[in-house]
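In case you want the letters, here they are:
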Amino acid sequence: MRRWLSISAILLAVTGMTILTAASSTRATESAASVKRNAQEAHSITITPWGPDQQMVDAAKGKLLSDPAVTKYLNGARHRLLTFEYVDQEKVPGRFAPPEEYRATLFDYSKNRAIQVKGRFDGAGPLEVTEAAHQPLPDGEEFAEAVDIVTQDSKIGPAIRNGKLVPYEPMPALADIDLPPSRVERTVTVGLMPVDGGEGHEIVGVNMIKRSISHYAAGAPASATVNSHSCGIPSAGQSTTSQGTAGQWEMVISRGGTEIWRMLVIRPSASSGRNASGIELRNVRYLGKLVLARAHEPVLNVSYDRNACGPFRDWSWQEGMFQAQGTDVAPGIRLCTTKPTTSIDTGNDSGNFRGVAVYDKEEVALISELNAGWYRYISEWYFTDDGKIRPRFGFGATTNGCVCAAHNHHVYWRFDFDVITAAENSVFELGEGNPRLIEKEVMQLRQGGHEQKWLIMNNNSGEGVVIEPGHHDGNVNKYGRGDLWFLLNKSNEIDDVAGGGSAINIGSYVNNETISRSDLVVWYAGHWNHDHNDTNSKHHGGPARVGPDLVVQKY
C-alpha cells in the first residue's frame, strides 16, 4: 500500500530539521479556520493597476519612432513597428518591481532587416538601436497589409472581393520563419478558404519587400497542407490584441475580511518571454505568505505524426475574442457575472471580450483565449480557498487541413517557486517508501501515473507546495523532450534557448548544479494528443485541458 508522508514527517525523516513552531502553526490554523467560517460569503476581489499603463506605452512608441537615432537608422525607409515588449527588472526576493524599460522591433522593408530598439519609459538616456538577427512575427496590421496585396492581385483578388474566397491567418505565419532576414526576403503567409468548401483552398506567400505573391506547388508551404477536407470550427475573423498592449494589475482575493490570495496578474499581450507566456502571475501569496515569484508558460508548440504538417512554435500574446459577461474594472480585465466561455467550450469562435476574465464561483478563475494562426488556445488559472492553484491550458483550432492529421500539442509552464523565501527551497519526489531528495538539476519523466508527486519545501519553515500531475497531462514523445525539469533559478533562463528550432530547447540548462536549499524553478510540460480520425480516442474531435495542481501545504 502506498503511504504518503506528511511534510513534518519528511522534514524529520529526510532533513532532520525542526518543524513549524507552535505559534506559526496556530496562526496558519486560525487563518484557515477564518476562511472556512466565511465560506458561504462571496469573495471580495480588488484590482489595482501596476506598471506602465497604455498612455505610457503609447508615449514610448511615439518617442522611439521620432527619435533621431531611429530615424537616422531608417533614413526614410518604409517600415513598421511590429513588437513592443516590457523588459523585466531583476527579481528582488519576495517581489518584482514594475518594468522601467521596453524593447521594440521594427521591420525595415527597404533593406529587408529587423531593427531592435531598447529604451526607458521615462525617456531618460539614449535609445539603443541594433539590427536584430531574427524575424519578428507579423502583427494584425502587417497581416492586413498582406491581405490587401492579395486582394489587389488580378487573378485572386476578384474571388476575395466577391466573397468566394475568405482570407485567414495560417501556420506558419511567415514563410521560412526560422531563417534570419539576411537570408530570406520577408514573406507573410495568407490562407484563402473557399466559402463553399470546394476547390481553391490555398496558402500563398506575400513578399512584403516586393509586394508580390508566391504560390506553392503543393498549395501551401512545406510545413502546412491544404485539401478539400478540413477540420476545426469556422473562424470568426475578429480582431486581436497587439503585443505590448498594457495590462498588469495586483489582484487580491478575500472572503469575510480575510485575505486569501494576493498576486500580480499580467495579461497575455503584456506577458514576458520571446513568444510571450499567456496569463502570467507574479508574487503569488497565500494567507500572506509567498508561494511563487513567477508562473507562466513561455513555450508552446505542436508536432504532427509522420510530419504531416509543422512542427510549429506558437506564440501566447495574441488575445482573441471570447464570451465574457460582466464589468470592465481595468483595461483588459473584466469581472464576470456568469462563467466565461471560449471557442473550445462552445465551438463558436466569436466573442465580446479580449483580455483576462475573472469569475468567482467558490474557486476564482482567470480565463483568456489566445490566437496563433488557426490555433485557439485557452490560458486559465483557478484558485481555491484551501490553497490550491490549478493552471490549465486548452487546445482548439479553426478550419484548416492540418489539424485533421493526428498531432500533439505541448505546453510548458515555468514555475519559479519561492516558498516563503526565494532561497532555502528543496524538492522531493514522493512515492513508494521514503521521499527522495532531488539534489542536482535534472529532467524527469512522469512514470508513476497520477500517484507520482513532487514537493517543493522551505527547509527552514516546513511549509511547501505539492505538484500533482493532471489526469490529461500525457506522456512525452521524442519531440516533447521531457515532462519536468528541476533547475536553479537564473535571470537569463526565463525562456528557452533561441535558435534551436520549434521544439523546446532547455537541455543545456541541466548542468548538474546543486538545487537543494536554493532558489528553485520547475518547468512542467503538458502533452495532449488530438486525432480527429480515431473514433476510439478519448478526446476524439473535442477539446481538452491539461495542467497540474499546485497544492499548498502547512500555510
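Residues numbered from 1 in each chain as written. Predicted model: local features only at pLDDT ≥ 70, side-chain atom pairs only at ≥ 80, totals over all residues. Heavy atoms only, no water.

(A) Highlighting unusual backbone geometry. Residue Pro172 follows Met171 across a cis peptide bond; omega there is -5 degrees. Following the sequence through the fold, Pro172 ends up in the loop between β6 (165–168) and β7 (187–194). Following Gly310, the chain continues to Pro311 via a peptide bond in cis, the omega torsion being 0 degrees. Relative to the helices and strands, Pro311 is located in the loop between β13 (289–304) and β14 (312–313). Even without glycine at this site, Arg211 takes up a positive phi of about 55 degrees. (Helix = DSSP H or I, 4+ residues; strand = E, 2+ residues; numbered from the N terminus.)

(B) Representation of the pattern of salt bridges. Evaluation of the coordinates by the stated rule reveals 40 salt bridges. In this structure, the salt-bridge partner of Arg274 is Asp495, at a minimum N-O distance of 3.9 Å. A residue pair is termed long-range when its members are at least 10 positions apart, and Arg274 in the loop between β11 (258–266) and β12 (280–286) and Asp495 in the loop between β27 (484–488) and β28 (520–530) qualify at 221 residues. One continuous salt-bridge network, built from bridges that share partners, spans Arg78, Arg80, Glu141, Glu145 and Arg211. (Salt bridge = Lys/Arg side-chain N within 4 Å of Asp/Glu carboxyl O.)

(C) Main features of the sheet that holds strand β2 (residues 79–87). Pairing is antiparallel across the open sheet formed by 4 strands, whose spatial order is β2-β3-β4-β5. With partners counted over all chains shown, the strands left at the sheet margins are β2 and β5 (128–132), one partner each. Recorded for the sheet is a direction-independent mean angle of 25 degrees between the axes of neighbouring strands. Against the sheet, helix α3 (residues 54–66) engages β2, β3 (101–108) and β4 (113–120), with an angle of about 130 degrees to β2. (Pairing = 2+ DSSP bridges. Axes fitted to C-alpha atoms, helices over the stretch in contact; angles between N-to-C directions. Contact = heavy atoms within 4.5 Å.)

(D) Structural view of the state of the cysteines. For the coordinates displayed, the defined rule picks out 2 disulfides. With a sulfur-sulfur separation of 2.0 Å, Cys309 is cross-linked through a disulfide to Cys402. Taking the torsion about the S-S bond as the criterion, the Cys309 to Cys402 disulfide, at about -90 degrees, is left-handed. Linking Cys309 in the loop between β13 and β14 with Cys402 in the loop between β20 (388–397) and β21 (407–417), this pair joins segments that are 93 residues apart in sequence. Both residues of the pair, Cys309 and Cys402, belong to the buried class. What connects to what in the chain, once the bonded cysteines are numbered by sequence position, is 1-4, 2-3. (Disulfide = S-S within 2.5 Å. Buried < 20%, exposed > 50% of the residue type's maximum accessible area, 1.4 Å probe, protein only.)

(E) Highlighting the pairing of strand β26 (residues 464–468). Taken across its 5 residues, β26 has 4 buried, putting it largely inside the fold. As defined by bridge partners, strand β25 (residues 453–458) adjoins β26 across 4 bridges and the pair is classed as antiparallel. Counterpart to Met457 in the pairing with β26 is Gly464. The loop that links β25 with its antiparallel partner β26 comprises 5 residues; one of these, Gly462, has a positive phi angle of about 85 degrees. Summarising the sheet, β26 and strand β30 (residues 549–553) pair through 5 bridges and their orientation is antiparallel. Directly across from Gly464, in β30, lies its bridge partner Gln553.

(F) Fine view of the confidence of the model for the chain. When the pLDDT values of the chain are averaged, the result is 90; 90% of them are 70 or greater. Every residue in residues 11–28 is under pLDDT 50, and counting partners more than four places away or in other chains gives 27 contacts. Every residue in residues 535–542 scores below 50 in pLDDT, and together they form 16 contacts with partners more than four places removed in sequence or on other chains. (pLDDT = per-residue confidence, 0-100.)

(G) Summary view of the sheet that holds β6. With antiparallel pairing, the 4 strands of this open sheet are ordered in space as β6-β7-β8-β9. Each edge of the open sheet carries a strand with a single partner, namely β6 and β9 (212–214). Across the sheet, the axes of successive neighbouring strands diverge by a mean angle of 35 degrees, strand direction being ignored. Inspection of the sheet shows β7 paired to strand β8 (residues 202–207) by 6 bridges, in the antiparallel sense. Residue Val190 lies in a different strand from β8, and its bridge partner there is Val204. Helix α5 (residues 140–151) rests against β6, β7, β8 and β9 of the sheet, and its axis sits at about 60 degrees to β7.

(H) Spotlight on the pairing of β25. With 6 of 6 residues buried, β25 is to be regarded as a mostly interior element. Inspection of the sheet shows strand β22 (residues 425–430) paired to β25 by 6 bridges, in the antiparallel sense. Along β25, the bridge assignment pairs Phe428 with Leu455.

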